[in-house]
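Read off the chains here:
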Amino acid sequence: MSSSTSSASCSIPPHPTWTTSRYQIDLRPVRVMGIVNVTPDSFFDGGRSSASVALKHCETLLQQGADLLDIGGESSRPGAESISAEQEWLRIEPVLREALSLGVPLSIDTCKPEVMQRALDLGADIINDIHALGAAGAMDVVAAHPHCGVCLMHMSGQPQTMQVAPWHADVVSEVRDFLVERVRALAERGVDRRRIVLDPGIGFGKRVEDNFALVRGQQALLDLGYPVLAGWSRKSSLGAVTGKPVTDRLCGSVAAALAAAQCGARILRVHDVDATVDALKVWRAAGLL
């Protein structure tokens, strides 16, 4: 049977610890990563380009139960245009500087080596890169840091064009093979495997059927021996199956997060922290996690 049509029944591997700059994150419980977009144009929550507004949102997400925060200064929605490293850093820096006192791991969502370096120098814990450290110099920045965590994501193409007629013969195998190569490149630079988390890249250059094949086939990534991060929140594939606009995809997002967690994902990257945390509590009480 092809890996992309494997059963949705997934075994969960031994629960690892994610090594990051300041924290050893215990992944025995599923962790919730709250999204903090400091952007004017992100697909769901664009417009939060003020540092003070973004910081207030950080505090709200933590009150709702977020275990870690993911701060981004550049939209990666389909069709998004790239911005300069300087502009991205101007958005991120004041939020990161203040959020360092909040007492939780901080992830920086960026693909630019210059931004990675500045964020790590300031004290960020994790680099979350949709390009899997593919930009020239990005892998060297992470490898040179003694402890920072890194999330490697699969994306087909670029945000500007990734949803223009995407196609995969066997999306699970293609994603797995790509991430294996990126992990190998980091290992060759001496990066401890305990620093690495993998993200299949839901919605990044993939059809609706590809995205759902990836949650059914998530075991193929778990078999590599790394924790998996799942980012289904408010994605267009949920709209495709529910018929709901992005503003009305809360239920679909929570359902997708639970499906990913039940199939072994250890980190859920979400906009709706409160609802996701409640759903996980119920799932645990039912003995499903």
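See above for the structure.
Keep in mind it's a predicted model, so treat the numbers as computed, not measured.

Novice: Please explain the overall build of the protein chain as it appears in this structure.
Specialist: Scanning the protein chain for helices and strands turns up 10 helices and 10 strands. When burial is assessed residue by residue, the protein chain has 55% of its 289 residues classed as buried. Accessible area of the protein chain: about 11700 Å², with a carbon and sulfur share of 53%.

Novice: Would you take a moment to explain empty space enclosed by the protein for this structure?
Specialist: Take a probe with the size of a water molecule and roll it over the atoms, and the empty space left behind shows itself. This model, assessed by the stated rule, comprises one cavity of 30 Å³ or more. Every residue lining the largest cavity is counted, 13 residues in all, and those nearest its centre are Ser233, Ser253, Ala257, Arg269 and Val270. Where the lining of the largest cavity is concerned, the elements lending two or more residues are helix H9 (250-262) and strand S10 (267-270).

Novice: Please clarify how the packing of aromatic side chains should be interpreted in this entry.
Specialist: For any pair of aromatic rings, the description rests on two quantities: the centre-to-centre distance and the angle between the ring planes. This model, assessed by the stated rule, comprises one aromatic pair. Arranged with centres 4.9 Å apart and planes meeting at 45 degrees, the rings of Phe212 and Trp232 form a pair that is tilted. Taken together, the residues Phe212 in helix H6 (residues 208-216) and Trp232 in the loop between strand S9 (229-230) and helix H8 (236-242) connect sequence positions 20 residues apart. Above the face of the Tyr226 ring, Arg193 is positioned so that its terminal group lies 4.2 Å from the ring centre.

Novice: It is not clear to me how the side chain of Lys112 should be interpreted in this structure. Could you clarify?
Specialist: Of note, Lys112 is situated in the loop between strand S5 (106-109) and helix H3 (113-122). Owing to a relative accessible area of 10%, Lys112 belongs among the buried residues under this scheme. Lys112 has contacts with Glu74, Ser82, Ile83, Ser84, Ala85 and Glu88, leaving out every residue within four places of it along the chain.

How each quantity is defined
- Residues numbered from 1 in each chain as written.
- Predicted model: local features only at pLDDT ≥ 70, side-chain atom pairs only at ≥ 80, totals over all residues.
- Heavy atoms only, no water.
- Helix = DSSP H or I, 4+ residues; strand = E, 2+ residues; numbered from the N terminus.
- Buried < 20%, exposed > 50% of the residue type's maximum accessible area, 1.4 Å probe, protein only.
- Areas by Shrake-Rupley, 256 points an atom, 1.4 Å probe, with all protein chains shown as cover.
- 1 Å grid on protein atoms, 1.4 Å probe; cavity = no way out; pocket = protein on both sides within 12 Å on 5 of 7 lines; lining within 4 Å.
- Points joined across faces, edges and corners; volume = space filled by probe spheres on them.
- Phe/Tyr/Trp six-rings, centres within 6.5 Å; stacked < 30°, edge-to-face > 60°.
- Lys NZ or Arg CZ within 6 Å of the ring centre and 35° of its normal.
- Contact = heavy atoms within 4.5 Å.

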